[in-house]
Amino acid sequence: MVTKTSASDNKQQFYDRLAPQNLAPLWEVLKGLLPSEPKSKAVPHHWSYADVRPLLLESGRLLTAQEAERRVLVLENPAMPGQSRATATMYSGIQLIMPGETAPAHRHTPSALRFMLEGEGAFTAVGGERTTMRKGDFIITPSWAFHDHGNEGNDPCAWLDGLDLPLVQFFEAGFNEHYNDDRQSITRPEGDALARFGSNMSPLKPESRYGLTTPIFNYPYEQTRQALVDVARCGDPDPHEAISMRYSNPLDGGWAMPTMSAWMIHVPKGFNTMPIRSTDGIIMCLGEGSATVTTGDKSFDLSENDVVACPGWTWRSFKAKEDSFIFCFSDRVAQEKLGLFREERRDNA
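For clarity, every value in this text was computed on a predicted model and none was experimentally measured.

So, how was this worked out
Residues numbered from 1 in each chain as written. Predicted model: local features only at pLDDT ≥ 70, side-chain atom pairs only at ≥ 80, totals over all residues. Heavy atoms only, no water. Helix = DSSP H or I, 4+ residues; strand = E, 2+ residues; numbered from the N terminus. Rg over C-alpha atoms; globule rule 2.2 N^0.38 Å. Buried < 20%, exposed > 50% of the residue type's maximum accessible area, 1.4 Å probe, protein only. Contact = heavy atoms within 4.5 Å. Pairing = 2+ DSSP bridges. Phe/Tyr/Trp six-rings, centres within 6.5 Å; stacked < 30°, edge-to-face > 60°. Patch = residues over 30% accessible without salt bridge, like charges linked within 9 Å, V, L, I, M, F, W, Y side chains within 5 Å. Areas by Shrake-Rupley, 256 points an atom, 1.4 Å probe, with all protein chains shown as cover. Salt bridge = Lys/Arg side-chain N within 4 Å of Asp/Glu carboxyl O. Polar contact = N/O pair within 3.5 Å; in protein donor to acceptor, adjacent residues only side chain to side chain.

### Looking at the overall build of the protein chain
- Broken down by element type, the protein chain carries eight helices and 22 strands.
- Scaling as 2.2 N^0.38, a compact globule of 349 residues should have a C-alpha radius of gyration of about 20 Å, and the protein chain matches this with 23 Å.
- For the protein chain, with 349 residues in total, the buried portion stands at 50%.
- Partitioning the intrachain contacts of the protein chain with sequence separation of at least 6 by distance along the chain shows that 76% fall at a separation of at least 24.

As structure tokens, then:
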């Protein structure tokens, strides 16, 4: 008769013979590979802009934009220190450009987005076209497009960066290249892309210069805000999403970027949303207003430019103290393309 102890020993001896062959028993790890529901490695976290801003300005005194290439304070999720991740799949940071500086031109395979936080006089140039960056603007740097940033104003300028860097690293598909000068050559007038594609009109043979990414690379906040306010006047907010509108690609109506979804939520003053959760980890930034966001078992009171990480499959809700406008981005579009995206809603708090 085989005892339990001897059976355990026999299994361990078998496992010991598997290891040198680079083999492993699936039955020992199956529950971890296929959980009953997702459990993100990230945790909810709040970055107060009032706390971050002095450190950001200090970095501006310590080194130049050229020395740093990109002077950015990375928003690291506390559960993943040293990994440059705000959520499991998204990188985020806050970038600073001081007056008169240029962040040198380069390009890379990770796609990038910007959400302008403060300052006047900043610009970014993408693929030969320059655009002025104003507070609340959503700006895109498509994959493998040369881009540089500058500040021709009198005050520091800062914005929120978002990249699909962890996704690209997972696929081991990262490339980077520097331009032959600090600033790229400007070949098209400012506003060209918006004029061609941003007014509910497009050329007879429309084509994006950036592959799967929208041909528009600056979505002005003035237009975004007005659209949200107008929609709010036309009916009651959604119980779970308030007034939510996505930045779209005018060529196909889909998300503006192939790997990162971006949208804006307008929560009217006094409105409370019901809990909702989805498989995408979301990075949120309060562009305007005052609100409380609850994610999981934590609630954060947000002031202007504060950032929150909401892990995937974590309940979230908002309560607006003032009319609030919240910029969000996540890997939702990538999950949708892979058939992985799911969401769940509750009808009570």
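Now, onward.
### A few points about the sheet that holds strand β2 (residues 72-74)
- Spatially, the six strands line up as an open sheet ordered β2-β3-β10-β5-β8-β12, and their pairing is antiparallel. In the strand order of this sheet, the two ends are held by β2 and β12 (218-219), each with one partner.
- For strand β3 (residues 91-97) and strand β10 (residues 157-163), the ladder comprises seven bridges, and the chain directions are antiparallel. When the sheet's bridge partners are listed, serine 92 is paired in β10 with glycine 162.

### Quick notes on the environment of asparagine 10
- Among the structural elements, asparagine 10 can be located in helix α1 (residues 4-18).
- Take asparagine 10: its relative accessible area is 44%, and that puts it in the partly exposed class.
- Sequence spacing of asparagine 10 and glutamine 21 is eleven residues, and the spatial spacing of their C-alpha atoms is 18 Å.

### Let's talk about the packing of aromatic side chains
- Under the defined criterion, the tally for this structure stands at 13 aromatic pairs.
- On the basis of an interplanar angle of 5 degrees and a centroid distance of 4.5 Å, the ring pair of phenylalanine 115 and phenylalanine 327 is categorised as stacked. A residue pair is termed long-range when its members are at least 10 positions apart, and phenylalanine 115 in strand β5 (residues 112-118) and phenylalanine 327 in strand β21 (residues 324-330) qualify at 212 residues. By the burial criterion, phenylalanine 115 is buried, and phenylalanine 327 matches it.

### Concerning the pairing of strand β16 (residues 282-288)
- β16 sits mainly inside the fold: six of its seven residues count as buried.
- Sheet topology places β16 next to strand β19 (residues 307-310); four bridges connect them, and they run antiparallel. Within the sheet, the bridge partner assigned to isoleucine 282 lies in β19 and is cysteine 310.
- For β16 and β21, the ladder comprises six bridges, and the chain directions are antiparallel. The residue bridging leucine 286 from the neighbouring strand is isoleucine 326, located in β21.

### As for unusual backbone geometry
- Of note, the phi angle at asparagine 22 is positive, near 55 degrees, even though the residue is not glycine.
- Tracing the backbone shows asparagine 22 in the loop between α1 and α2 (30-33).
- Take asparagine 22: its relative accessible area is 73%, and that puts it in the exposed class.
- One non-glycine residue, tryptophan 313, lies in the positive phi region at around 55 degrees.
- Mapped onto the fold, tryptophan 313 is located in the loop between β19 and β20 (316-320).
- Accessibility expressed as a relative area gives 13% for tryptophan 313, which makes it buried.

### Regarding a nonpolar patch on the surface
- On the surface, Leu26, Val29, Leu30, Leu33 and Leu34 cluster together to form a nonpolar patch covering roughly 480 Å² of accessible area.
- Topologically, leucine 33 is positioned in helix α2.

### Comments concerning the environment of glutamate 67
- Looking at the secondary structure, you find glutamate 67 in helix α4 (residues 65-68).
- Relative accessible area serves as the criterion here: at 59%, glutamate 67 is assigned to the exposed category.
- Distance from glutamate 67 to proline 104, taken between C-alpha atoms, is 9.6 Å for residues 37 residues apart in sequence.
- Within polar-contact distance, the side chain of glutamate 67 engages the backbone nitrogen of threonine 64 at 2.8 Å.

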